[in-house]
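Structural overview
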Amino acid sequence: MDISEIKGNENVKRVLEIALAGNFSILLIGGRKSGRSMFKEVAKSLNGTGLFITRENKCKCNYKECICTHEELKEHYKYLMDLWNKDYDMYCEVNYPDYNQLKRKQEDNASVLERLQKVSNFTSLECSGKADALLKSFYEKMEQTPYDIKIVIKVARVIANMEQSEFIQTQHIAEAIQYRIFEPLQKLQ
Ligand SMILES: [Zn+2]
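Residues numbered from 1 in each chain as written. Predicted model: local features only at pLDDT ≥ 70, side-chain atom pairs only at ≥ 80, totals over all residues.

Following both chains from N to C, one finds helix α1 (residues 10–22) and helix α7 (residues 146–162) inclined at 100°, their axes separated by 10 Å at the closest point. Considered as vectors, α1 and α7 are oriented roughly perpendicular to each other. Taken together, the residues of α7 that come into contact with α1 (itself represented by I18, A21 and G22) are K154, V155, V158, I159 and M162. Tallied by class, residues from the contact of α1 with α7 come to 6 nonpolar, 1 polar and 1 charged. (Axes fitted to C-alpha atoms, helices over the stretch in contact; angles between N-to-C directions. Helix = DSSP H or I, 4+ residues; strand = E, 2+ residues; numbered from the N terminus. Parallel < 35°, antiparallel > 145°, perpendicular 65-115°, else oblique. Contact = placed C-beta atoms within 7 Å. Nonpolar A, V, L, I, M, F, W, Y, C, P; charged D, E, K, R; others polar.)

Glancing now at α7. Here α7 is 17 residues long and its end C-alpha atoms lie 25 Å apart, about the 24 Å a rise of 1.5 Å per residue gives. For α7, every residue scored as buried is listed here: I151, V152, I153, V155, A156, R157, V158, I159, A160 and N161. Looking at the buried side of α7, the elements it contacts are α1, β3 (90–94), α6 (129–141) and α8 (170–178). Where α7 ends, the next residue or the one after it, Q164, has phi of about 50°, a positive value. (Expected span 1.5 Å × (residues − 1). Buried ≥ 20, exposed ≤ 12 C-beta atoms within 10 Å, placed from the backbone.)

A few words on the pairing of strand β2 (residues 52–57). Here strand β1 (residues 25–30) pairs with β2 via 6 bridges, running parallel. Directly across from I26, in β2, lies its bridge partner I53. Taken together, β1, helix α2 (residues 36–45) and β2 constitute a β-α-β crossover, and its handedness is right-handed. (Pairing = 2+ DSSP bridges. Right-handed = clockwise from strand over helix to strand, strands pointing away.)

On domain assignment, one finds that the protein holds domain 1 (1–118) and domain 2 (121–189). For domain 1 versus domain 2, the separation of C-alpha centres amounts to 20 Å. With 17 residues of domain 1 at the interface, the matching set in domain 2 holds 12 residues. Elements supplying a minimum of two residues to the side of domain 1 that touches domain 2: α1, α3 (70–87) and β3. (Domains from an automatic or database assignment.)

Most peptide bonds adopt trans geometry, and most residues besides glycine take a negative phi value. At N9, a residue that is not glycine, the phi angle is positive and equals roughly 50°. Mapped onto the fold, N9 is located in the segment before α1. Assessed through the 25 C-beta atoms surrounding it within 10 Å, N9 is described here as buried. Backbone geometry places N62, a non-glycine residue, at a positive phi of 65°. When you line up the elements, N62 lands in the loop between β2 and α3. In this structure N62 comes out as partly exposed when scored by C-beta crowding, with 16 C-beta atoms within 10 Å.

Core analysis: the biggest nonpolar cluster contains 45 residues, and V15, I26, L28, M90, C92, V155 and A156 have the highest contact counts within it. Counting residues per element, the ones that place at least two in this core are α1, β1, α2, α3, β3, α6, α7 and α8. The element best represented in this core is α7, accounting for 8 residues. Each of two domains, domain 1 (1–118) and domain 2 (121–189), supplies a minimum of three residues to this core. (Core = buried A, V, L, I, M, F, W, Y, C linked by C-beta atoms within 7 Å.)

Further remarks concern the environment of E56. By secondary structure assignment, the location of E56 is in strand β2. Residue E56 is classed as partly exposed on the basis of its C-beta count, with 16 C-beta atoms lying within 10 Å. Counting along the chain gives 26 residues from E56 to G30, while the straight-line C-alpha distance between them is 6.6 Å. Leave out the neighbours within four places in its chain, and E56 touches L27, I29, L80 and L83.

Written out as structure tokens, the structure is:
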């Protein structure tokens, strides 16, 4: 299946590309027919053999317009958090695209593969001083575990490689953190 068949969800395509480059696992969360399964198919087509994608419903009702109560949402997100804490490197929400995005021409597998072929040498990059400071505050202020930090560095290192940067910089860490935290639950509380 070609990635151009998936409309919108540019953030998920980005996560998929990083995961393909670094062989990470992803937990995709979205509503019914939002396109979660399509990403799994596309990953296969892009040769993501070691890539592990799991899909979960965004909420209990699973409709485009959510009818869950506040408590139901909290309960469901806590359940997702438990899943998330166990196994996955990256978390990403799949959303219904805007109508305009349905008509837009999308990038195809060939262009993604071309970019992926340029990515290599993941191990040599170190964090810049500022990037390290950001990691430190993520660890201390947001009560993350050593394992979270390990994953964030791994993901950020791949992103830095994709951008052909010589160091892992602040923006690479910031992006990797985005894929590690579960925002919906924090908003509800
Ligand atoms: Zn709902």
